[in-house]
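# Secondary and tertiary structure notes
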Amino acid sequence: MILAYIETRDNKVKKASLETLSEARRRAADMNAEAAAVLMGAEGESLAGELFSHGATRVYLLDHPALARYSTQDYAASLAVLTQKANPLAVFFPATSMGKDLAPRLAARLGVAVASDCIRVEVKEGQLEFTRPIFAGKAILTLKLKSSPQVATLRPNVFPVERVEARGEMIRETVDIPVGQGRAEVVEVVAESGGELDVTEADVVISGGRGMKGPENFALLRELSALIPRSAVGASRSAVDSGWIGHQHQVGQTGKTVSPNLYMAFGISGAIQHLAGMSSSKVIVAVNKDPEAPIFKVADFGVVGDLFQVIPVLKEEIKKLRAE
Amino acid sequence: MDILVFVKRVPDTESKIRVDPERKGIIEEGLNFILSPYDEYAMEEALRIREARGGKVTAISVGKEETLAILRKCLAMGADEALLIKDPLDETYDGLRTARLLAACVRQRFPGARLLLFGKQSVGADNSQVPAMVAELLGLPQVNVVVKLELEADRGVALREIEGGLEKVAFPLPAVVSAQKGLNEPRYETLKGIMAAKRKEIPIIPIEGLGLRAEDLAPQVIVTRLETPPPRQAGRMTSGPPEETARQLAEFLHSEAKVI
């Protein structure tokens, strides 16, 4: 069995978790095994149906009052209890903030290694093989893990979500974990302005660089973003380091690595550390005044021109297309 | 407050990475190595805490002797001491192995440490594993990807970055905290600091000296392939009046990329 960790937000299953579960089902099928899903906290019960229809033949519902709110230690301890009981071949997590926080803690508790941020999982001679970018995508590493269960985190926006005809059973497990001293606890979640989408979760990333000339001009990108569903505003390191936009928007080697369906680069020259963070995007378009800008070497469509003239027209064109 | 800062030597982020597919490793020749950028935020935070509360800052790394250069940088920034855990292996990509080395070192030499600071990931292996693993092995609370840290004598509050927001996390000390960009603005080393760092001795301890079993030192990660990604093909370019180029761009997004 391959166990998929299901991350929820506001009692909804996150898309990255469905991607993780879908991949767990595909790879389990390669090994004549089944996929299972694990939900934390009793209130997850209503979500089980959605997980069955994405390939889980079993949905574990871990029940303990401490699990109502995310705590790395309690979650890892509970997952360790389940893992020892259910004995999965592998445990897959989405490589989200939570997955990246939790998977290594669970793995250390079980004494096993982790394959982080995978973009491909295959079964070779009955064994899982994981492929993942290193150096933010400047090189690609393929690895196997000797330890078992195999723990991996899967990069969001890479693995397809698949619905299947399936039925499964829900198994409620009351976990007995020590709760008390020495814990880190989330006391508050502060949403960024309007809960905007993170660049790692967005289907379309609209990024600005030094060519944006100042913080006020990022409003142009936000206006463009407002016209495109599931889009988010990104930035190059120089824009972030100039203080024009928060570092959580930064794409590149000291920022985030993204693989959206569309990456739009405005006024970004394309430093090597930026290209590393976005070259795995499915489609790349760039607007830059300098025809020699390295960003054009990776762009599927490049416009040599002034972004301040191009964006307003582009907005109108997109409005027209969306109206059709 | 005694603080440990765990640091790693990595290639400069502006480096082009070349790989040796036979050896399944990166080609180090011609690369400029630096203190991993996120570790620099961790170092800076440690120094600021020491300035406010007193105590001692020790920088620790795992690697070969070349790693001494980044430990000297930590000393030049202001660390009181540095320590190298000398590992004969090249990069193993096995975070658990590294975490075991570090946890054993803490148990053996720094049982009184109150704060263990890391970068949120190394720039290179990009694992984001070691801080959480060290925390688990030592039974300590963890807060990863921290952009703000406030400490009292026996507890702290941190803001941790998540998708589209921040989590405010309260935790008791001792604890593991990993730094994200935005936590602070790292200082440059001073000439005086650089000179003083040159005179300091950096103890080197071999991995065999940490009391770990041979099976704990054996990597669990087997690298089957290391390659550079296929280069992306440059596509079409256009120039001219913005009315025309913007329309072509919209048309491309609609008809070919099918995203609008």
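Look up a bit, the structure's there.
Residues numbered from 1 in each chain as written. Chains lettered and ligands numbered in written order. Predicted model: local features only at pLDDT ≥ 70, side-chain atom pairs only at ≥ 80, totals over all residues. Heavy atoms only, no water.

## Some details on the nonpolar core
Put simply, the test is: The term nonpolar core refers to a set of buried residues drawn from Ala, Val, Leu, Ile, Met, Phe, Trp, Tyr and Cys, joined through side-chain atoms within 4.5 Å. Any residue under 20% of the maximum accessible area for its type is buried, any over 50% is exposed, and the rest in between are partly exposed; the area is computed with a 1.4 Å probe on protein chains only. Throughout, a contact is declared for two residues whenever any of their heavy atoms are within 4.5 Å.
Counting 101 residues, the largest nonpolar core has L116, L149 and F171 of chain B as its most contacted members. In this structure, L116 of chain B is in contact with L4, F6, V106, V134, L138, L140, A175, V176 and V177 of chain B, ignoring residues within four places of it in sequence. Residues A24, M31, A48 and L145 of chain A belong to the second largest nonpolar core, which totals 46 residues.

## Comments concerning the interface of chain B and chain A
For clarity, the threshold we go by: Throughout, buried area stands for the accessible area (probe radius 1.4 Å) lost by two parts on being put together, summed over both. For salt bridges, the criterion is a side-chain nitrogen of Lys or Arg within 4 Å of an Asp or Glu carboxyl oxygen. N or O atoms within 3.5 Å of each other form a polar contact, as long as, within protein, one can give a hydrogen and the other can take it, and as long as residues adjacent in sequence are counted only when both atoms are side-chain atoms. Secondary structure counts use DSSP, requiring at least four H or I residues in a row for a helix and at least two E residues in a row for a strand, with both numbered from the N terminus. Gly is put with the polar residues, along with every residue not named as nonpolar or charged; the nonpolar set is Ala, Val, Leu, Ile, Met, Phe, Trp, Tyr, Cys and Pro, and the charged set is Asp, Glu, Lys and Arg. DSSP-based pairing: two strands are paired if at least 2 bridges between them are found.
At the junction of the two partners, chain B supplies 85 residues and chain A supplies 98 residues. A combined buried area of about 7,500 Å² lies between chain B and chain A, and 58% of that area is made up of carbon and sulfur atoms. Broken down residue by residue, the surface that chain B buries against chain A is led by E163, K181 and R232 of chain B, which jointly contribute 11%. Counting across the interface, chain B meets chain A through nine salt bridges. K14 of chain A is paired through a salt bridge with E163 of chain B; the nearest N and O atoms lie 3.8 Å apart. Our count for the contact surface shared by chain B and chain A stands at 48 residue pairs in polar contact (both at pLDDT 80 or more). Counting residues per element, the side of chain B that touches chain A draws most heavily on helix α7 (residues 242-256) of chain B, which supplies eleven residues. Along the lines of polarity and charge, the residues of the side of chain B that touches chain A split into 41 nonpolar, 24 polar and 20 charged. Where strand β18 (residues 301-304) of chain A meets strand β15 (residues 236-239) of chain B, four bridges bridge the pair, whose relative direction is parallel. From the neighbouring strand, V304 of chain A faces β15 of chain B, where its bridge partner is S239 of chain B.

## Describing the pairing of strand β1 (residues 2-5) of chain A
Residue and element names in this part refer to chain A. By the alternation rule, side chains of β1 split into I2 and A4 and L3 and Y5, which are all buried. Inspection of the sheet shows β1 paired to strand β4 (residues 35-40) by four bridges, in the parallel sense. Note that in β4 the partner of I2 across the bridge is A35.

## Here's the deal with the sheet that holds β1 of chain A
Residue and element names in this part refer to chain A. Note the following rule: Inter-axis angles, ranging from 0 to 180 degrees, are taken between N-to-C directions of lines fitted to C-alpha atoms, where helices are fitted over the stretch in contact.
Reading across from one edge, β7-β11-β6-β1-β4-β5-β12 is the order of the seven strands in this open sheet, with parallel pairing throughout. Both edges of this open sheet fall to β7 (114-118) and β12 (169-174), since each of them pairs with a single strand only. Direction aside, the axes of adjacent strands within the sheet are offset by 25° on average. Two elements, β4 and strand β5 (residues 56-63), share six bridges in a ladder whose sense is parallel. Considered in β5, the bridge of A37 is made with V59.

## Description of the environment of K200 of chain B
Turning to its location among the elements, K200 of chain B is positioned in the loop between α5 (191-199) and β13 (204-206). In this structure, the C-alpha to C-alpha distance between K200 of chain B and A246 of chain B, residues 46 residues apart in sequence, is 60 Å.

## Considering the pairing of β5 of chain A
Pairing analysis gives six bridges linking β5 of chain A to β12 of chain A, with the strands arranged parallel. Along β12 of chain A, the bridge assignment pairs D63 of chain A with T174 of chain A.

## Looking at the packing of aromatic side chains
Defined as follows: Only Phe, Tyr and Trp rings are paired, with Trp represented by its six-membered ring, and only when their centres lie within 6.5 Å; those with planes under 30 degrees apart are stacked, over 60 edge-to-face, the remainder tilted. By definition, being over a ring means that NZ of Lys or CZ of Arg is both within 6 Å of the ring centre and within 35 degrees of the ring normal.
As enumerated under the stated definition, the model contains six aromatic pairs over all chains in all. Measuring from ring centre to ring centre gives 5.0 Å for Y70 of chain A and Y75 of chain A, while their planes differ by 90°; the resulting arrangement is edge-to-face. Overall, the relative accessible area of 8% leaves Y70 of chain A in the buried class. Over the ring of F33 of chain B we find R9 of chain B; its NZ or CZ atom is 3.7 Å from the centre of that ring.

## Things to note about the environment of L89 of chain A
Residues and elements named next belong to chain A. Checked against the element boundaries, L89 lands in the loop between α3 (72-86) and β6 (90-94). The class of L89 is partly exposed, set by a relative accessible area of 39%. When the C-alpha positions of L89 and V179 are compared, they lie 28 Å apart, and in sequence the two are 90 residues distant. Not counting chain neighbours up to four residues away, the residues in contact with L89 comprise M1, M31, A33, S148, P149 and Q150.

## Observations regarding the packing of helix α3 (residues 95-109) of chain B against helix α4 (residues 130-138) of chain B
All names here are of chain B. Here is the rule we go by: In what follows, roughly perpendicular refers to angles from 65 to 115 degrees, roughly parallel to angles under 35, roughly antiparallel to angles over 145, and oblique to any angle outside these ranges. Crossing chirality is assigned from the near helix's rotation relative to the far helix, an anticlockwise turn below a right angle marking it left-handed and a clockwise turn marking it right-handed.
At their nearest, the axes of α3 and α4 sit 8 Å apart, and the two run at 50° to each other. The orientation of α3 relative to α4 falls into the category oblique. Regarding α3 and α4, the two cross each other, and that crossing is right-handed. Of the residues in α4, those in contact with G95, L96, T98, A99, R100, L102, A103, V106 and R107 of α3 are V130, M133, V134, L137 and L138. In terms of residue class, the contact of α3 with α4 is made up of ten nonpolar, two polar and two charged.

## Structural notes on the sheet that holds strand β10 (residues 155-162) of chain B
The strand order β13(A)-β11(B)-β10(B)-β9(B)-β12(B)-β8(B)-β1(B)-β6(B)-β7(B)-β13(B) describes an open sheet built from ten strands, whose pairing is mixed. If you trace the sheet from one side to the other, it starts and ends with β13 (185-191) of chain A together with β13 of chain B, each paired once. Strand-to-strand twist across the sheet, computed as the mean angle between neighbouring axes with direction ignored, equals 35°. In this fold helix α2 (residues 68-77) of chain B packs onto β1 (3-7), β6 (57-63), β7 (81-86) and β13 of chain B, with an angle of close to 165° to the strand it touches most, β7 of chain B.

## Notes on the packing of helix α4 (residues 97-110) of chain A against α4 of chain B
Interhelical geometry of α4 of chain A versus α4 of chain B gives an angle of 40° and a closest axis separation of 8 Å. Classified by the angle between their axes, α4 of chain A and α4 of chain B sit oblique to one another. As for how α4 of chain A packs across α4 of chain B, the hand of that crossing is right-handed. Where α4 of chain A approaches α4 of chain B, its residues D101, P104, R105, A107, A108 and R109 of chain A are matched on the opposing element by A132, M133, A135, E136 and L137 of chain B. Considering only residue class, the contact of α4 of chain A with α4 of chain B consists of seven nonpolar, no polar and four charged.

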